[in-house]
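The lines below spell out each chain.
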Amino acid sequence: MKTKAVLELADVKAIAAAAEAEALKNQWAVTIAIVDDGGHLLWLQRLDGAPAMSSHIAPAKAHTAALSRKESKVYEDVINQGRTSFLSAPTVQGLLEGGVPVIKDGQCIGAVGVSGVKSSEDAQIAKAGIAAIGL
């Protein structure tokens, strides 16, 4: 049987703090969501001025990234390239850039989803958060 790392509360707090710092440094009002490997919400933080809708979109992006073990941008690209039938995939939401999986030793241990600014900037914030735990 294999051993797999998991996100602990200290990791989640470090990711959230670094993501928040990246957003504030750029004066971006966003929502930050962190989920475990099953897409279950561990952290949700809506910064001042972030759109209300972002509190729904950020967890959806994180959920998609965790379950697929891929950045949510992959699915945005698939749809934008004309494969709109992918929109009918069951239980898949958050098909926009900004969801990034947390990968350790080749295993997905969670994901970060961000929403509130341009999708590429959402992803930048998520990646800054993940970098805080050395991944």
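Reading the values: rules and limits
- Residues numbered from 1 in each chain as written.
- Predicted model: local features only at pLDDT ≥ 70, side-chain atom pairs only at ≥ 80, totals over all residues.
- Heavy atoms only, no water.
- Salt bridge = Lys/Arg side-chain N within 4 Å of Asp/Glu carboxyl O.
- Helix = DSSP H or I, 4+ residues; strand = E, 2+ residues; numbered from the N terminus.
- Expected span 1.5 Å × (residues − 1).
- Buried < 20%, exposed > 50% of the residue type's maximum accessible area, 1.4 Å probe, protein only.
- Arc of directions from axis to C-beta.
- Contact = heavy atoms within 4.5 Å.
- Pairing = 2+ DSSP bridges.

> Lay out the pattern of salt bridges with the relevant residues and their values.
Side chains that differ in sign of charge can pair as their charged atoms come close. Within this structure, the stated rule accounts for five salt bridges. Where Lys4 meets Asp37, a salt bridge forms, and the shortest distance between an N and an O atom there is 2.8 Å. Of this pair, Lys4 sits in the segment before helix 1 (9-25) while Asp37 is found in the loop between strand 1 (31-36) and strand 2 (41-46), placing the two residues 33 residues apart along the sequence. Between Lys25 and Glu22 there is a salt bridge, with its nearest N and O atoms 3.2 Å apart. With Lys25 and Glu22 both in helix 1, this residue pair falls three residues apart, about one helical turn.

> I'd love a proper account of helix 1, names of residues and values included.
Counted at 1.5 Å a residue, the expected span for helix 1 with its 17 residues is 24 Å, and the 24 Å between its end C-alpha atoms agrees. Those residues of helix 1 lying buried are Val12, Ile15, Ala16, Ala18, Ala19, Glu22 and Ala23. Projected down its long axis, helix 1 shows its buried positions confined to an angular sector of 170°, all on one face. Of the exposed residues in helix 1, those oriented more than 90 degrees away from the buried face are Leu9, Ala10, Leu24 and Lys25. Structurally, helix 1 contributes buried residues whose contacts are with strand 1, strand 2, strand 4 (107-115) and helix 4 (119-131). Downstream of helix 1 by one or two residues, Gln27 has phi in the positive range, about 60°.

> So what about the environment of Thr91? Which residues, and what values?
Mapped onto the fold, Thr91 is located in the loop between helix 3 (73-80) and strand 3 (99-104). Here Thr91 falls in the exposed class, since its relative accessible area comes to 66%.

> Could you give me a rundown of the pairing of strand 4, with the residues and numbers involved?
By the criterion of burial, strand 4 is predominantly enclosed, with eight of the nine residues buried. Sheet topology note: the strand 1/strand 4 ladder contains six bridges and is antiparallel. Residue pairing across strands places Thr31 opposite Ser115, the latter belonging to strand 4. Where strand 3 and strand 4 come together, six bridges link them in antiparallel fashion. Residue pairing in the sheet places Gly99 in a bridge with Gly113 of strand 4. Linkage of strand 3 to strand 4, two consecutive antiparallel strands, is achieved through a turn of two residues, within which Asp105 is found at a positive phi near 55°.

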